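Listed below, chain by chain, are the residues.
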Amino acid sequence: MSKALKAGMVSCLVVVALVSLPYFVAPATAVSVYYDTIPVPVELLDVLLSLVAFIAFGSALRGRSDPATVAGVTLVLGGFLAGITLWWAVVTPASTLVEAARMDALNGYRWVIFLATLAVPTSAGWYARTVL
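Residues numbered from 1 in each chain as written. Predicted model: local features only at pLDDT ≥ 70, side-chain atom pairs only at ≥ 80, totals over all residues. Heavy atoms only, no water.

Peer 1: Describe a nonpolar patch on the surface, listing the residues and the values that go with them.
Peer 2: Residues Leu86, Trp87, Val90, Val91 and Trp111 make up a contiguous nonpolar surface patch of roughly 440 Å² in combined accessible area. Element by element, the count of residues in the nonpolar patch is highest for helix α4 (residues 67-91), at 4 residues. Accessibility expressed as a relative area gives 33% for Trp111, which makes it partly exposed. (Patch = residues over 30% accessible without salt bridge, like charges linked within 9 Å, V, L, I, M, F, W, Y side chains within 5 Å. Areas by Shrake-Rupley, 256 points an atom, 1.4 Å probe, with all protein chains shown as cover. Salt bridge = Lys/Arg side-chain N within 4 Å of Asp/Glu carboxyl O. Helix = DSSP H or I, 4+ residues; strand = E, 2+ residues; numbered from the N terminus. Buried < 20%, exposed > 50% of the residue type's maximum accessible area, 1.4 Å probe, protein only.)

Peer 1: I'd like to hear about the environment of Gly125, residue by residue, with values.
Peer 2: Examined against the element boundaries, Gly125 turns out to sit in helix α6 (residues 109-131). On the accessibility criterion, Gly125 (21% relative accessible area) is partly exposed.

Peer 1: Go over the nonpolar core, please, and point to the residues and values.
Peer 2: One finds Tyr35, Phe57, Trp88, Ile113, Val120 and Tyr127 to be the most contacted residues of the largest nonpolar core, which totals 33 residues. Counting only elements with at least two residues in this core, the list comes to α1 (2-25), α2 (28-35), α3 (42-61), α4 and α6. Aside from chain neighbours lying at most four places away, what touches Tyr35 is Leu18, Val19, Pro22, Tyr23, Val40, Val42, Glu43, Trp88 and Ile113. (Core = buried A, V, L, I, M, F, W, Y, C linked by side-chain atoms within 4.5 Å. Contact = heavy atoms within 4.5 Å.)

Peer 1: Any chance you could break down α1 for me, citing the residues and the numbers?
Peer 2: The first and last C-alpha atoms of α1 sit 35 Å apart over 24 residues, in line with the 34 Å expected at 1.5 Å per residue. At Val19, α1 is deflected by roughly 30°, the largest bend along its length, and proline Pro22 occurs up to four residues later in sequence. The complete set of buried residues in α1 reads Ala4, Leu5, Gly8, Met9, Ser11, Cys12, Val15, Leu18, Val19 and Pro22. (Expected span 1.5 Å × (residues − 1). Bend = angle between axes of the 7 residues up to and from the residue.)

Keep in mind these numbers describe shape, not what the thing actually does.
And the structure:
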């Protein structure tokens, strides 16, 4: 049970790190164009939902929350996180950040972020299977 919670916490931190990485390697104007391809602020939602899920996983790890509630909440948060990121990854053209920042290394980066967001509902599902 604690392995699933720790995996969930790590996956949340990985999502936050991956979403913020382009701000360190590309100009901020290029990154804002990259993340603004859908009408909702995907980078802010990803960070917010990841941090809320991180807190939920942590509270279950410390025994401060009902395990079934945490399993359900983190599963829903992770599903929404992956869904919004998938929408953004599909809509965003492959060359958006590459053209704006002249960085070929970030060509498929949006799919890396999406794959990282899949780890949150996966670990939440793993945790749900252990508590239910």
